[in-house]
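# A structural walkthrough
Next come the chains, spelled out residue by residue.
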Amino acid sequence: MDLSAITTAITTLAGTVSAVAVLISLLLIKSQLRQAHENQRALIQQGRASRSAEIAMRLMSTDFAEAYHSCMNGDTEISDTQLVQFIGYCRAVFLGAEDSFLQHGEGLLDEPAFNSFNRSLRSLFESPGMRAAWSILREWYDVEFAAYMDGVVKDAADRPIGIQHEQWKAAASRFNGTKGFRSPSETGEKRNAA
């Protein structure tokens, strides 16, 4: 074999090895990007869960629970302090909703998580107080998010807390003396609408 043939063979082999190395590197980068994306989504979900739990824990305070109950029912005979507490609570809910809306728009919040979020948000707007708070705070938000929220408000049924109490009583009585769980769909129960 002559030297030029050997050089050509070595050059070809080096090019092939180099191309394979580049391909392997690209596949590794793609895998790392996918993993980073999944990690980011997991962190976002964890953040959403923490934020929701923190907001819900505010209801454990007796003075806020009273303000929440009165304001959610649309009671107009509330104190200034109760109103400030409730508007602050609603602001936290709306900021969390905006964050979830934006994350969904960026593809960081998948459809099942967004649908769950949407259903829980819609249930909050079943109360007159939450709808009133949105009408007061609406102008603080971007038009796209405001349009989304307006749709959620429009889709929400009117179901004051009194109806939720009746549902609680029905559900609790269903479980008194039983050890098993049967979902409302298994028992044929339907959600009451006001």
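So, how was this worked out
- Residues numbered from 1 in each chain as written.
- Predicted model: local features only at pLDDT ≥ 70, side-chain atom pairs only at ≥ 80, totals over all residues.
- Heavy atoms only, no water.
- Helix = DSSP H or I, 4+ residues; strand = E, 2+ residues; numbered from the N terminus.
- Buried < 20%, exposed > 50% of the residue type's maximum accessible area, 1.4 Å probe, protein only.
- Contact = heavy atoms within 4.5 Å.
- Polar contact = N/O pair within 3.5 Å; in protein donor to acceptor, adjacent residues only side chain to side chain.
- Core = buried A, V, L, I, M, F, W, Y, C linked by side-chain atoms within 4.5 Å.
- Patch = residues over 30% accessible without salt bridge, like charges linked within 9 Å, V, L, I, M, F, W, Y side chains within 5 Å.
- Areas by Shrake-Rupley, 256 points an atom, 1.4 Å probe, with all protein chains shown as cover.
- Salt bridge = Lys/Arg side-chain N within 4 Å of Asp/Glu carboxyl O.
- Disulfide = S-S within 2.5 Å.

## Considering the environment of arginine 91
Along the chain, arginine 91 turns up in helix 3 (residues 80-105). In this structure arginine 91 comes out as partly exposed when scored by relative accessible area, which is 26%. Sequence separation between arginine 91 and arginine 138 is 47 residues; the distance between their C-alpha atoms is 10.0 Å. Filtering out sequence-adjacent residues up to four positions away, arginine 91 remains in contact with Leu137, Trp140 and Tyr141. Here tyrosine 141 takes part through its side chain, which lies 2.6 Å from a polar atom of the side chain of arginine 91.

## Let's talk about the nonpolar core
Counting 32 residues, the largest nonpolar core has Tyr89, Phe94, Leu121, Phe125, Trp134, Tyr148 and Met149 as its most contacted members. Contributions of two or more residues to this core are made by helix 2 (62-72), helix 3, helix 4 (111-124), helix 5 (128-137) and helix 6 (143-155). The dominant element in this core, judged by the number of residues it contributes, is helix 3, at 8 residues.

## A closer look at a nonpolar patch on the surface
Residues Val22, Leu26, Ile29 and Leu33 make up a contiguous nonpolar surface patch of about 380 Å² in total accessible area. Along the polypeptide, valine 22 turns up in helix 1 (residues 3-57).

## Focus: the state of the cysteines
Considering all chains together, one arrives at 0 disulfides under this definition. Counting only cysteine sulfurs, cysteine 90 is the nearest neighbor of cysteine 71, a cysteine outside any disulfide, at a range of 7.8 Å. When its relative accessible area of 5% is taken as the criterion, cysteine 71 is described as buried.

These figures come from the coordinates and say nothing about function on their own.
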